[in-house]
Amino acid sequence: GVIGVQLVVTMVMASVIQKIIPHYSLARWLLCSGSLRWYQHPTEEELRILAGKQRGKTKKDRKYNGHIENKPLTIPKDIDLHLETKSVTERDTIALHYFPEYQWLVDFTVAATVVYVVTEAYYSIVKPSQEMNISVVWCLLVLAFAVKVLFSLTTHYFKVEDGGERSVCVTFGFFFFVKAMAILIVTENYLEFGLESGFSNFSESAMQFLEKQGLESQGPVSKLTFKLFLAVLCSLIGAFLTFPGLRLAQMHLDALNLATEKITQTLLHINFLAPLFTVLLWVKPITKDYIMNPPLGKESVPLMSEDTFDTVRLWIIILLCVLRLAMMRHHLQAYLNLAQKSVDQMKKEAGRISMVDLQKMVARVFYYLCVIALQYVAPLVMLLHTTLLLKTLGNYSWGIYPELNSDTPVENSLLSSSVYSESPPADGKMKVTVVQITMALGSLKNIFTPLLFRGLLSFLTWWIAACLFSTSLFGLFYHQYLTVA
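### A short note on the side chain of Asn133
- Examined against the element boundaries, Asn133 turns out to sit in the loop between helix H5 (99-126) and helix H6 (135-158).
- By relative accessible area, Asn133 is classed as buried at 13%.

Here it is as structure tokens:
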């Protein structure tokens, strides 16, 4: 077959998604393993007993107790109310908003990651040269689902009429557009993405391809247009990651207050600073002067080669993603505790509140649990699978001390030699078609080189981390200082 082993792996994983994952779901286990506890809203009778009011049998009694037929019962805000907690069960998840989207994104990401691992093992053992790496398609599908979910959540904020969420999204979108334009102007002496060399290689290869087809062209797209398109894409990503970053900051502060062990607090701090560590991995003065060639006295000692550092960088990002997943429950529990926190805040206020509003205030926290889980997981999924794409399409290695390889040039030369040496017979139309398809794929491989993918995917990986850290840092400042003020 054309794909062979990879096609078999894909078909097996598709049946696993359909038959097994609905019964053994990681997404459901993360919520329903018993470690998360949610606060139940008080019933009407409980609130009446606490307020010292009984439902009267006559209209006069109900009016005396603060209850008229068309007016809901109100209770004092400083009522002595203590909410009961309950472990999250599978039955409870039925009522959660966005639970199907959350379950699909997490479970499909697990399946795609398993396919990626199996495919990488297959490529390292068999080393096929003429096969398409199908794990790239799985990673692209994961990124598409993550972006779709974030887009759906962002449009939900735009539908709110009274709140300022729409203005926040638009403001951050413009801020990230300006920031992206500024970063794309910075020379590669400070940020080593390889965008300039990757785009130059892409333009030259495309011009050579067009010349072979008998077409005159200055290139498929100008550098200005390319960077403008990148800046627009970056502004959209930044707008989608605005509220996940702001929410992460609030959950981080609440999780720190809940954590009692020093190791947990340390891991929470590392988890919050993980996007900053990722951003610094592409800052050239730090990587070249302090990591690859650390100063020792008056001389600098070469610690590792560029290929080794590229591999170490990939492993660091993946480990930080694993840490973020491990700290997910701490953050979700910190969010669920907002129900009790809201009630405690209400007790400090004067006046009265209707029973329905109090029940909604408590119940709303649990019903939006999956929205918060998606805002936590979706950026993590985007960062992880952009990194996996960077490794595969950028032709990197997983080994800390990778061997000198020139896989791409060899593949291209083998492909071209096999294509041009094979003269199809006159009566074999099928073989002619196969040769033409192979030549077209070889031409595309020569245009979209690993050099281009290294620059583009390095920049996108860096940008996702930079957006997360920028928004979470702003959220930390807002929740720490502005809300108090």
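There is more to say, and it comes next.
### Remarks on the layout of surface pockets
- Space inside the second largest pocket adds up to approximately 1,100 Å³.
- Mapped onto the lining of the second largest pocket, the elements with two or more residues apiece are H6, helix H10 (242-258), helix H15 (338-347), helix H16 (355-367), helix H17 (369-393) and helix H20 (450-482).
- For the lining of the second largest pocket, the leading source of residues is H10, giving six residues.
- The residue makeup of the lining of the second largest pocket, split by class, is 14 nonpolar, eight polar and seven charged.

### Structural notes on the packing of aromatic side chains
- Enumeration over the complete set of coordinates arrives at 20 aromatic pairs.
- Measuring from ring centre to ring centre gives 5.1 Å for Phe108 and Phe145, while their planes differ by 85°; the resulting arrangement is edge-to-face. You can see Phe108 sitting in helix H5 and its partner Phe145 sitting in helix H6, a full 37 residues away along the chain.
- The class for Phe145 is partly exposed, based on a relative accessible area of 25%.
- Counting every residue linked through ring pairs, the aromatic cluster contains Phe172, Phe175, Phe176, Phe193, Phe459, Trp462, Trp463 and Phe474.
- Across from the ring centre of Trp29, 4.2 Å away, lies the NZ or CZ of Arg329, which sits over that ring.

### Thoughts on H5
- End to end, H5 covers 40 Å across 28 residues, agreeing with the expected 40 Å (1.5 Å per residue, within 8%).
- Of the residues one or two after H5, Lys127 is the one with positive phi, at around 55°.

### Quick word on the environment of Trp462
- Tracing the sequence through the fold places Trp462 in helix H20.
- For Trp462 and Val279, which are 183 residues apart along the polypeptide, the C-alpha to C-alpha distance reads 5.6 Å.
- The residues contacting Trp462, other than those within four sequence positions of it, are Ile183, Leu191, Phe193, Thr278, Val279 and Trp282.

### Overview of the environment of Thr154
- Tracing the sequence through the fold places Thr154 in helix H6.
- A relative accessible area of 9% means that Thr154 is categorised as buried.
- Expressed as a C-alpha distance, the spacing of Thr154 and Glu165, which sit eleven residues apart in the sequence, is 9.0 Å.
- Apart from the residues lying within four places of it in its own chain, the contact partners of Thr154 are Cys169, Ala239 and Phe240.

Each value, and the rule that gives it
Residues numbered from 1 in each chain as written. Predicted model: local features only at pLDDT ≥ 70, side-chain atom pairs only at ≥ 80, totals over all residues. Heavy atoms only, no water. Helix = DSSP H or I, 4+ residues; strand = E, 2+ residues; numbered from the N terminus. Buried < 20%, exposed > 50% of the residue type's maximum accessible area, 1.4 Å probe, protein only. 1 Å grid on protein atoms, 1.4 Å probe; cavity = no way out; pocket = protein on both sides within 12 Å on 5 of 7 lines; lining within 4 Å. Points joined across faces, edges and corners; volume = space filled by probe spheres on them. Nonpolar A, V, L, I, M, F, W, Y, C, P; charged D, E, K, R; others polar. Phe/Tyr/Trp six-rings, centres within 6.5 Å; stacked < 30°, edge-to-face > 60°. Lys NZ or Arg CZ within 6 Å of the ring centre and 35° of its normal. Expected span 1.5 Å × (residues − 1). Contact = heavy atoms within 4.5 Å.

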